[in-house]
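Fold and geometry: a report
The chain contents come next:
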Amino acid sequence: MGGVTVGDPSAGSDVSRETTRGQSTSPDVSRETKDERSDDDTPIATAAATAVRVMGRFGDTLPRPVRRRLITVANQKGGVGKTTTAVNIAAAMAMRGLRVLVVDLDPQGNASTALGVDHHSEIPSVYDLLVEGKTLGDVAVPVTEISGLWCVPATIDLAGAEIELVSLVARESRLQRALADAASLADGGIDYILIDCPPSLGLLTVNALVAAEEVLIPIQCEYYALEGLGQLLRNIELVKSHLNPGLHVSTILLTMYDARTRLASQVADDVREHFGETVLRTVIPRSVRVSEAPSYGQTVMTYDPASPGALCYLDAAREIAARGAGDTVAGSAQEGESW
Ligand SMILES: Nc1ncnc2c1ncn2[C@@H]1O[C@H](COP(=O)(O)OP(=O)(O)O)[C@@H](O)[C@H]1O
Ligand SMILES: [Mg+2]
């Protein structure tokens with residue numbers, strides 16, 4: 001796999017270079033957060049230009065995986081981009097023809113918000129799936145804006161689940177059991193299930209690690225990025241050795257990369273040195289569009305599909321899908337068990 005210099009202002013993606021063509025080529029990533037559409041002076045011209053750019057990238061479809069892939073997005077640090085990564089990778093995949101389910105496993109319900117899915121306390125949610133024994137069909141809802149995408153929302157009820165789960169039978173594997181009938185959700189089955197974890201290593205995250213075969217760890221390109229990672233990796237090893245032998249860290253994604261800072265490229269280099277090809281070549285730039293999207297109940301993939309953040313998430317989704325289409329998963333030390 002050809003390495004990409006992370007310090008490159010294109011932030012590991014030829015896409016961001018493409019989107020900035022015709023603009024200043026100075027290595028100043030702040031341009032990524034500017035409104036790219038400023039060249040187009042009318043709303044119609046803006047829409048047309050966006051459509052042309054996006055159609056070129058969304059026209060084709062991503063390959064379906066050999067078998068359904070369950071990916072847990074985990075990092076016990078808050079604010080590293082777990083939710084943003086889960087919803088945007090899921091949206092990018094669904095917009096390119098795959099059938100994807102997002103399981104919101106954080107009581108804050110940020111993934112539900114970002115997907116525009118209602119999650120007030122009366123809504124059937126992941127809590128009912130874990131604690132009340134409801135089925136996936138009872139709680140999963142289609143995401144209105146994006147066909148092929150479903151979400152199991154999280155409500156505030158989930159905050160109590162860490163404690164309620166303790167006394168329940170098979171407390172670590174309740175999510176795994178509940179997701180077993182994912183095939184019934186869509187005609188032809190679900191290709192990907194992405195589980196958005198809370199910022200902790202409690203029973204909810206353990207349920208996610210038992211349910212999935214792969215872990216995707218988003219790492220924010222900042223000073224404390226690697227702190228706490230050892231603990232996460234130890235927990236993954238524990239779950240692997242006791243509960244889920246097929247579990248492995250398949251993917252690491254560098255997020256909120258700011259090419260103006262030397263620190264970001266140092267962190268990225270360190271992460272690549274440690275984790276090699278597990279790290280996606282695509283790096284997600286820090287971008288205002290990405291952070292604005294949830295306040296409109298949207299992912300950046302629909303909020304501003306031509307923005308660098310959206311295009312990079314699309315590239316990341318493409319890399320993940322390409323790894324799943326072949327018979328080897330880069331960076332995984334062992335072959336997974338079949339499910
Ligand atoms: N690439 C990005 N550029 C700018 N802001 C981002 C980016 N990724 C995430 N954010 C913002 O950072 C905050 C934390 O991200 P989030 O995905 O919620 O992290 P986590 O789920 O790990 O707590 C959110 O406000 C989100 O909008
Ligand atoms: Mg989150």
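In this text, all values refer to a predicted model and were calculated from it rather than measured experimentally. (Residues numbered from 1 in each chain as written. Chains lettered and ligands numbered in written order. Predicted model: local features only at pLDDT ≥ 70, side-chain atom pairs only at ≥ 80, totals over all residues. Heavy atoms only, no water.)

Taking burial as the measure, the five residues of strand 1 (residues 69-73) include five buried ones, the bulk of the element. Burial along strand 1 is two-sided: Arg69, Ile71 and Val73 facing one way and Leu70 and Thr72 facing the other are all buried. Pairing of strand 1 with strand 5 (residues 192-196) involves five bridges; the strand directions are parallel. In the sheet register, Val73 faces strand 5, and the bridge partner there is Asp196. Of the strand pairs in this sheet, strand 1 and strand 6 (residues 214-220) are connected by three bridges, and their pairing is parallel. Considered in strand 6, the bridge of Val73 is made with Leu216. (Buried < 20%, exposed > 50% of the residue type's maximum accessible area, 1.4 Å probe, protein only. Helix = DSSP H or I, 4+ residues; strand = E, 2+ residues; numbered from the N terminus. Pairing = 2+ DSSP bridges.)

Here we take up the confidence of the model for the chain. Of all residues in the chain, 79% attain a pLDDT of 70 or more, and the chain-wide mean is 84. Segment residues 1-39: pLDDT under 50, and 66 contacts once partners within four positions in sequence are set aside and those in other chains are kept. Counted against residues more than four places away or in other chains, residues 327-339, with its pLDDT under 50, gives 30 contacts. (pLDDT = per-residue confidence, 0-100. Contact = heavy atoms within 4.5 Å.)

Around ligand 1 sit 14 residues, and of these Gly79, Lys82, Thr83, Thr84 and Ser287 come closest. Separating an oxygen atom of ligand 1 from a backbone N or O atom of Val80 is a distance of 3.1 Å. Compared with its free state, where it exposes 550 Å², ligand 1 has 79% of that area covered by protein. Among the secondary structure elements, those contributing two or more residues to the shell around ligand 1 are helix 3 (82-95), strand 8 (279-285) and helix 12 (288-292). It is helix 3 that contributes the most residues to the shell around ligand 1, three residues altogether. Residue composition of the shell around ligand 1, by class: five nonpolar, seven polar and two charged. (Near = heavy atom within 4 Å. Polar contact = N/O pair within 3.5 Å; in protein donor to acceptor, adjacent residues only side chain to side chain. Areas by Shrake-Rupley, 256 points an atom, 1.4 Å probe, with all protein chains shown as cover. Nonpolar A, V, L, I, M, F, W, Y, C, P; charged D, E, K, R; others polar.)

Right, let's get into the nonpolar core. Core analysis: the biggest nonpolar cluster contains 59 residues, and Leu101 and Leu179 have the highest contact counts within it. In terms of residue count, the dominant contributor to this core is helix 9 (residues 203-211) (seven residues). Leave out the neighbours within four places in its chain, and Leu101 touches Leu136, Ala140, Trp150, Cys151, Val152, Leu179, Leu185, Ile190, Tyr192, Ile193 and Leu194. Core analysis: the second largest hydrophobic core is formed by 40 residues, Ala86, Ala111, Leu115 and Leu216 among them. (Core = buried A, V, L, I, M, F, W, Y, C linked by side-chain atoms within 4.5 Å.)

A cluster of nonpolar side chains, namely Tyr223, Tyr224 and Leu263, defines an oily patch on the protein surface of about 360 Å² accessible area. Position of Tyr223 relative to the elements: it lies in the loop between strand 6 and helix 10 (229-242). (Patch = residues over 30% accessible without salt bridge, like charges linked within 9 Å, V, L, I, M, F, W, Y side chains within 5 Å. Salt bridge = Lys/Arg side-chain N within 4 Å of Asp/Glu carboxyl O.)

Here we take up the pattern of salt bridges. Applying the stated criterion across every chain yields a total of 11 salt bridges. Salt-bridge contacts for Glu222 lead to Lys77; the nearest nitrogen and oxygen are separated by 3.6 Å. Of this pair, Glu222 sits in the loop between strand 6 and helix 10 while Lys77 sits in the loop between strand 1 and helix 3, placing them 145 residues apart in sequence. Residue classification places Glu222 among the partly exposed residues on the basis of a relative accessible area of 26%. On the basis of relative accessibility, which here comes to 21%, the residue Lys77 falls in the partly exposed class. One connected set of salt bridges, linked through shared partners, spans Arg64, Arg99 and Asp191.

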